[in-house]
Structures are given as structure tokens and as C-alpha cells.
Amino acid sequence: MDITYWNAHEETLDKDALRELQLIRLRQTVGQALKTDFYKRRLNKVGISSGDDIKTLDDIRRIPFTTKDDLREAYPFAMLAIDLHDVIRLHTSSGTTGTPTVIYHSRSDIDNWTDLMARCIISTGVNRGDVFQNMTTYGLFTGGLGFHYGAERIGILVIPASSGKTNRQIMLMRDFGTTVVHATPSYLLHISSHINSGDIKRSDLKLQRAFLGAEPHSEETRKKIEELLGIDAYNSYGLSEMNGPGVAFECVYKNGMHVWEDAFFMEMIDPVSQEVIPDENEGEIVFTTLNRTATPLLRYRTRDLTSVMGGECPCGRKHRRIARIKGRSDDMLIINGVNIFPSQIEDVIMKIPEVGTNYQIVVDKHGALDKLTVKTELYSKIFNGDFSLLSNIKIKLQTMLRDTILVNPSIELHEPGGLPVSEGKAKRVFDNRPKM
Ligand code: ADP
Ligand code: ZN
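Throughout this document, residue positions are counted from 1 along each chain, in the order its sequence is written. A letter from A marks each chain and a number from 1 marks each ligand, given out in the order of writing. Residues qualify for local features only when their pLDDT is at least 70, as the model is predicted, and side-chain atom pairs are given and counted only at 80 or more; totals for whole chains, interfaces and linings, by contrast, use all residues. Excluded from the side-chain calculations are hydrogens and water; all other atoms, namely the structure's heavy atoms, are used.

Undergrad: Pulling in residues and values, what's your account of the coordination of the zinc ion (ligand 2)?
TA: Protein-derived ligands of the zinc ion (ligand 2) are Cys-251 (SG), His-258 (NE2), Cys-313 (SG) and Cys-315 (SG), with the metal-ligand distances lying across 2.1 to 2.3 Å. Donors, by definition, are the N, O and S atoms found within 2.8 Å of a metal, the threshold being 3.2 Å for Na, K and Ca, and water is not counted, so a site can look incomplete. In these descriptions, tetrahedral denotes four donors with every angle between 85 and 135 degrees, square planar four donors and octahedral six donors with opposite donors over 155 degrees apart and the rest between 65 and 115, and irregular any other case. For the zinc ion (ligand 2), the four donor atoms are set out with angles of 102 to 118° between them, so the coordination reads as tetrahedral. Sequence spacing among the residues donating to the zinc ion (ligand 2) works out to C-x6-H-x54-C-x1-C. Here the residue Cys-251 occupies a position in the loop between strand 8 (244-250) and strand 9 (257-259), and Cys-315 occupies one in the loop between strand 12 (300-306) and strand 13 (321-322), the gap between them amounting to 64 residues. For the residue pair Cys-251 and Cys-315, the accessibility class agrees, reading buried in each case. In this text, helices come from DSSP runs of H or I with a minimum length of four residues, and strands from runs of E with a minimum of two, each type numbered from the N-terminal end. Here's how the labels work: a residue is buried when its accessible area is under 20% of the maximum for its type, exposed when over 50%, partly exposed in between, all with a 1.4 Å probe on protein chains only.

Undergrad: How would you explain the domain arrangement of the chain if you had to name every residue and give the values?
TA: An automatic or database domain assignment supplies the residue ranges for each domain. What the domain assignment reports for the chain is domain 1 (1-328) and domain 2 (333-431). Here, two residues are considered to be in contact whenever any of their heavy atoms come within 4.5 Å of each other. At the interface, 22 residues of domain 1 touch 17 residues of domain 2. Here the quantity called buried area is the accessible surface, traced with a 1.4 Å probe, that two parts lose on coming together, added over both. Of the roughly 1600 Å² buried at the junction of domain 1 and domain 2 (both faces included), carbon and sulfur atoms supply 56%. Contact with domain 2 buries area across many residues of domain 1, yet Glu-220, Lys-224 and Lys-326 alone supply 29% of it, more than any other trio. For this document, the term salt bridge refers to a Lys or Arg side-chain nitrogen within 4 Å of an Asp or Glu carboxyl oxygen. At the junction of domain 1 and domain 2, the tally comes to zero salt bridges. Pairs of N or O atoms are called polar contacts if they sit within 3.5 Å, as long as, within protein, a hydrogen donor faces a hydrogen acceptor (for residues adjacent in sequence, only side-chain-to-side-chain pairs). Taken together, domain 1 and domain 2 are joined by seven residue pairs in polar contact (both at pLDDT 80 or more). In terms of residues, the side of domain 1 that touches domain 2 owes the most to one element, helix 8 (residues 185-194), which gives four residues.

Undergrad: Tell me what's going on with the nonpolar core, and back it up with residues and numbers.
TA: Among buried residues, those of type Ala, Val, Leu, Ile, Met, Phe, Trp, Tyr and Cys that are joined through side-chain atoms within 4.5 Å constitute a nonpolar core. Ranked by internal contacts, the top residues of the largest apolar core, which has 60 residues, are Val-30, Phe-211, Tyr-237, Phe-287 and Ile-322. The dominant element in this core, judged by the number of residues it contributes, is helix 5 (residues 107-123), at eight residues. Excluding anything up to four places from it in sequence, Phe-211 contacts Ile-121, Thr-124, Val-126, Phe-132, Phe-147, Val-180, Val-181, His-182, Ala-183, Tyr-234 and Phe-249. In this structure, Ile-340, Ile-352, Tyr-359 and Val-374 belong to the second largest nonpolar core, which totals 21 residues.

Undergrad: Give me the lowdown on helix 9 (residues 219-229), citing residues and values where you can.
TA: Buried residues of helix 9: Thr-221, Arg-222, Lys-224, Ile-225, Glu-226 and Leu-229, and no others. Looking one or two residues past helix 9, Gly-230 carries a phi angle of roughly 65°, positive in sign.

Undergrad: Provide a residue-level description of the side chain of Lys-224, including the pertinent values.
TA: Tracing the backbone through its elements, the reader meets Lys-224 in helix 9. By the counting scheme adopted, Arg and Lys are positive, Glu and Asp are negative, and His together with the chain ends is not counted. Glu-227 provides the closest opposite charge to the buried, unpaired Lys-224, separated from it by 6.7 Å.

Undergrad: I'd love a proper account of helix 5, names of residues and values included.
TA: Along an α-helix, residues three or four positions apart point the same way, because every turn accommodates 3.6 residues. Taking 1.5 Å per residue as the helical rise, helix 5 with its 17 residues ought to reach 24 Å, and the 24 Å between its terminal C-alpha atoms agrees with that figure. The element helix 5 is extensively covered by neighbouring structure, given that twelve of its 17 residues are classed as buried. Regarding helix 5, the residues found buried are Asp-109, Ile-110, Trp-113, Thr-114, Leu-116, Met-117, Ala-118, Arg-119, Cys-120, Ile-121, Ile-122 and Ser-123. Count one or two residues on from helix 5 and you reach Gly-125, which has phi positive near 95°. Expected span, for any helix, means 1.5 Å times one less than how many residues it has.

Undergrad: Quick one: what's the story with the packing of helix 10 (residues 342-351) against helix 11 (residues 387-405), residue by residue and with numbers?
TA: Helix 11 packs onto helix 10 with a crossing angle of 145° between their chain directions and a minimal axis gap of 10 Å. Pair helix 10 / helix 11 crosses with right-handed handedness. Listed contacts from helix 11 to Gln-344, Ile-345, Val-348, Ile-349 and Lys-351 of helix 10 are Leu-397, Met-400, Leu-401, Thr-404 and Ile-405. For this classification, the nonpolar set comprises Ala, Val, Leu, Ile, Met, Phe, Trp, Tyr, Cys and Pro, the charged set comprises Asp, Glu, Lys and Arg, and every other residue, Gly included, is treated as polar. In terms of residue class, the contact of helix 10 with helix 11 is built from seven nonpolar, two polar and one charged. Angles here are taken between N-to-C directions and fall from 0 to 180 degrees, while the axes themselves are lines fitted to C-alpha atoms, restricted in helices to the stretch in contact. Crossings are classed by handedness, with left-handed meaning an anticlockwise turn of the near helix from the far one by less than a right angle and right-handed meaning a clockwise turn.

As C-alpha cells, this is what we get:
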């Protein structure tokens, strides 16, 4: 396989060189963080008053974690480490789980982020000559501008389509010969159900690849997208607190996502005990920015659950890889005492050809008991008016779900296109139980 790098030196640094660089940058970052009211107070409490107090990488463990609530409390300015005149952009999180948070960027922050994005894009084999259609929202959401800048820096033709207007998306793809798209997996599934059903056929398109990001999705979903569109799809992970996309990305080998460890120091912790755990154990990712000036973040708890993968990747990049994100620790549903991740339900839905790819998970309280309902659409070409077919599909889905999640769900089948479509991050879970 052809391996291309954006910056071969940085991408193939060996472990020792990487750790050396991390230590230098960690000291600088701590020094930078001390310029903010928030971190000055926090770090002084644990006896850190200068970057030089960090002697080894393990000293990072002296620093308390930063949480999303801390960012909310610091909103809008308490975590800003540079003069406001030197800030050239801000982004906020999409606010999936509450009030948004803000991250500021200096010119060098944007420059470094853009380089990380260029690395990601190139690592999938995309390069000059490709035509890139960016189907995620432009604006405060980081997926629009983040990918846009990275692709432009490489010198790729970018179509800033943003999300929505499905027919126009498909028309743009045909008219300009789009070879690669970036979208949320849920939106790309929606698009794929429209290709072939209208005037524009798959054979009118030159599409070869997709970057899938911003929301959890299973390996089955990737496969489904690859099959439906006949393309290669790569997993893209990031969060607005760590710039946005460009934190971790799959290379051509698609065997886990390389985390750019020269820009982000990664630790894995047990979300309950908050102890650092060894690689390969499943836990919560904690990131420290290593070269950000405007909003340095120390030991930020992402709440994203995954594990670090072992072994070396044949692409030559030494940056450690993480497995697919299972979900956020706060995504977990507890249904009559059983722990369930929405991704487990999605996995089953993607395995059943008779149902479509759009779905919802609804939880209600019936007396003392929790009731789980899974709503999904029928696959458009299946229903022929035979109602016994419907009940067979229901039973199949119910049985497979029960065997996987150990809870017996009610199933609601909807006609194709019957459930609301999301153009950005999909809202899948509706937990209607009274809050404790
Ligand atoms: P919000 O936190 O408001 O949703 P963000 O845009 O910062 O706003 O979302 C980042 C989060 O999205 C990550 O912390 C993670 O939970 C999820 N996410 C992003 N990319 C992926 C991915 N490839 N796989 C799974 N989850 C992802
Ligand atoms: Zn690789």
C-alpha cells in the first residue's frame, strides 16, 4: 500500500523522541495555563507555580483533572491564557449534553490544528487531485472549518457544502466529481438511501472515500456505509475542547485511530476510581493539549470510553492508536439494572438487512419498571404488503437485541423515511424517565 505523510518527521517520531518532545511541551503548556485565573488557583493549590515544577511526564499526575463543568464555570473568559487581541477565532461545543463551552484559538493554534487535519486527510490516501465535499455544519461546530482548512492547506478542491439539502448534496457530488466526503455517519446513511432512488445514480458519481465523525458509530455501520456506497470509510475522532476533529484518525490500514501524541498527551483512567490504567484496558480518555496557546487544557476528562490498541501499525506512524469510541460514560443507559450502550443496539440494527439504518431508542417508566422501545424503519425494498413478514422482522430484531443487551425491548417498525432525519449529530436516545 502507498503510504503518504504530511509531515513524515513528526508522524514517525519514535517513542523516546515523542516522550522527550511531550515533556518540553507539557512544561510550556503548564506555564501557559498558569496565566489563566482558573489554572493559577488550581495549580498553586497542588504546589505548582511554574512549568519547571514538572520534572517528568509522570508529574502530570499531580495536576487535578479538568472537567466539562469547569469549562462551563470558566465561561466565557476565565480559561483564556492570551490577550483577547491575539485571539483569531473561537468555537463552542455542540452542546449535546448541556450548556456549551468555549475554546479560543490564536493564529498559531489554528495553524497547528490545520496541520493536524492535513495529516489526517493525507493518511487515508486522499491528496491533491481529490475533490472534497464537506457535509458537516459550518459555524461554531468545529467539523466544518476544521476539515476545510486542513484540506485547503493540502491543496485539495474543497466544496463547503455544509450539512442538509440532500438533493443538492448529491447534485454537487455529480457535477463536481466529488471523490471524498466528510459527514456524520447518520447523515451519510441518509444520503446513501437517496442515491439511486432519484435521477442521480451511483454510477454518475466518482465517490471513493468518506470521513465519518462527530458521533459514535459501530464497525457494522462503517461496513454498511462502505457497502451501500462502494467506498472506503475512515473513522475521525475529536472534540471541540481539543480543537475539534484532528485528534485521532484512521490511516489507510483502518486498524484503530492514531492519536496525534505530539499535540495531545493521552492518559486512560478508570472513570470511577479516576486512577490511571494500563493501555489496552478499557477506560476514559484524558487529554492535555501540548501546543495550544489561547486555551491550554490540562488533564481534560473527555468521558469518551475506549482502549489503547497494542502492536505497531504498518503505516510507520508510532503515535498510539485507540479503538472505536464505545460511547460517553454518560451515554450508558441503565435499564432495570442492566447497563446498555446505544452502540450495542445500533450494531444489531445494522446486521439486519430487512430494516433501514435510521433508528431511535426510547426509555419510559411503567410503574416501577423501565421500558425500552427500539424504533426503526423498514428497508425500502422489503415491504410487499405481506403483514406476516412484518411480524417476522419484529421478532427477529427483538430476539437478536435481547440476546445482545439482555433486556427485552418493544419494537416499533416505521415505514421507510418515517423517522426524523438528522443532518448533524443524530439524537438517538430519548430517555423519558423522571430524573432522580
Ligand atoms: P458536544 O460535546 O457538545 O457533543 P463536540 O462537537 O465537542 O460537542 O463533540 C465531541 C464528542 O463527539 C466527543 O467527545 C465524542 O463523544 C463524540 N465523537 C466525536 N467523534 C467521534 C467518533 N469518531 N466516534 C465516536 N464518538 C465521536
Ligand atoms: Zn497507521
